[in-house]
Amino acid sequence: MIVLPTLGLSLVRAGSCIFVNQATLDLIKEREGFVSIPSPDPVGQPTVGYGHQCRVKDCGEVTEPFPLSLQSADRLLKRDIVPFAQCLAATISPHIRINSNQWGALVSWAYNVGTESIKHSSLVRRLNNGEDPERVAREELPGWDNAGGITLLGLIRRREAEVRLFGIPSNNTAHPFCTYTYL
Ligand SMILES: *[C@@H]1O[C@H](CO)[C@@H](O)[C@H](O)[C@H]1NC(C)=O
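Residues numbered from 1 in each chain as written. Predicted model: local features only at pLDDT ≥ 70, side-chain atom pairs only at ≥ 80, totals over all residues. Heavy atoms only, no water.

**Details of the sheet that holds strand 5 (residues 52-53)**
Going by this rule: Whether two strands pair depends on DSSP finding at least two bridges between them. The helix and strand labels rest on DSSP assignments: H or I over at least four residues marks a helix, E over at least two residues marks a strand, and numbering proceeds from the N terminus.
Strand order in the open sheet made by the three strands is 3-4-5, with antiparallel pairing throughout. Whereas interior strands pair on both sides, the edge strands pair on one side only; in this sheet they are strand 3 (35-40) and strand 5. Both strand 4 (residues 46-49) and strand 5 contribute to a ladder of two bridges, which runs antiparallel. Note that in strand 5 the partner of threonine 47 across the bridge is glutamine 53.

**Observations regarding the side chain of arginine 159**
Counted only if it meets this: Here's how the labels work: a residue is buried when its accessible area is under 20% of the maximum for its type, exposed when over 50%, partly exposed in between, all with a 1.4 Å probe on protein chains only. Here a polar contact is recorded for every N or O atom pair within 3.5 Å, except that within protein the pair must consist of a potential hydrogen donor and a potential acceptor, and residues adjacent in sequence are included only if both atoms are side-chain atoms. Contacts between residues were defined by any pair of non-hydrogen atoms, one from each residue, lying within 4.5 Å.
Mapped onto the fold, arginine 159 is located in helix 7 (residues 153-167). You can call arginine 159 buried: its relative accessible area is 2%. Of the polar contacts made by the side chain of arginine 159, one reaches the backbone oxygen of tryptophan 144; its length is 2.5 Å. In this view, arginine 159 contacts Ser108, Trp109, Asn112, Val113, Leu141, Pro142 and Trp144; residues no more than four positions away in its chain are not counted.

**Some points on unusual backbone geometry**
Of the consecutive residues phenylalanine 66 and proline 67, the connecting peptide bond is found in the cis state with omega at -5°. Looking at where proline 67 falls in the secondary structure, it is placed in the loop between strand 5 and helix 2 (70-91). With omega at 10°, the peptide bond leading from histidine 175 into proline 176 counts as cis. Structurally, proline 176 is set in the segment after strand 9 (173-175).

Printed below as a string of structure tokens:
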């Protein structure tokens, strides 16, 4: 099954592997919240849908009409998370096995903190050193609780939700085998 990310509107189950699972989408949606028209987020960045950051004025790059429906926001989110998942897939060593819940927690984190932060994070470095992933997540994720130098309750809660998701057992491997499966 193949794949140009830009064409991949649906992220699907393939064998026992899931690109991002429903629990991940639910977590991101709940933590980002939904807005139907571009509006400032807690640090004043204009965003729309489930945390899509506007790249140009009034999110002119978004092809879906405003106000967004829940469905179009869902499509936008699924497209938006692809580069963050790809960055994780490229940054986390192929020798490290990550299950679908752990993967989802990391994608949620990455979507929130950005690709540069991922690349330079002690979280990824420790995973790549072969430390126990659950311990790494428990110790590293909570530190990512501020935006623009200000600690935000919303980010504390999000990190807690990510640590929880990370700890839910799953036999579905997401990394290194199944990260590039799109419909
Ligand atoms: C994972 O697989 C093992 C062995 O088949 C099984 O005992 C266990 O319940 C499974 N865990 C989950 C979370 O599905």
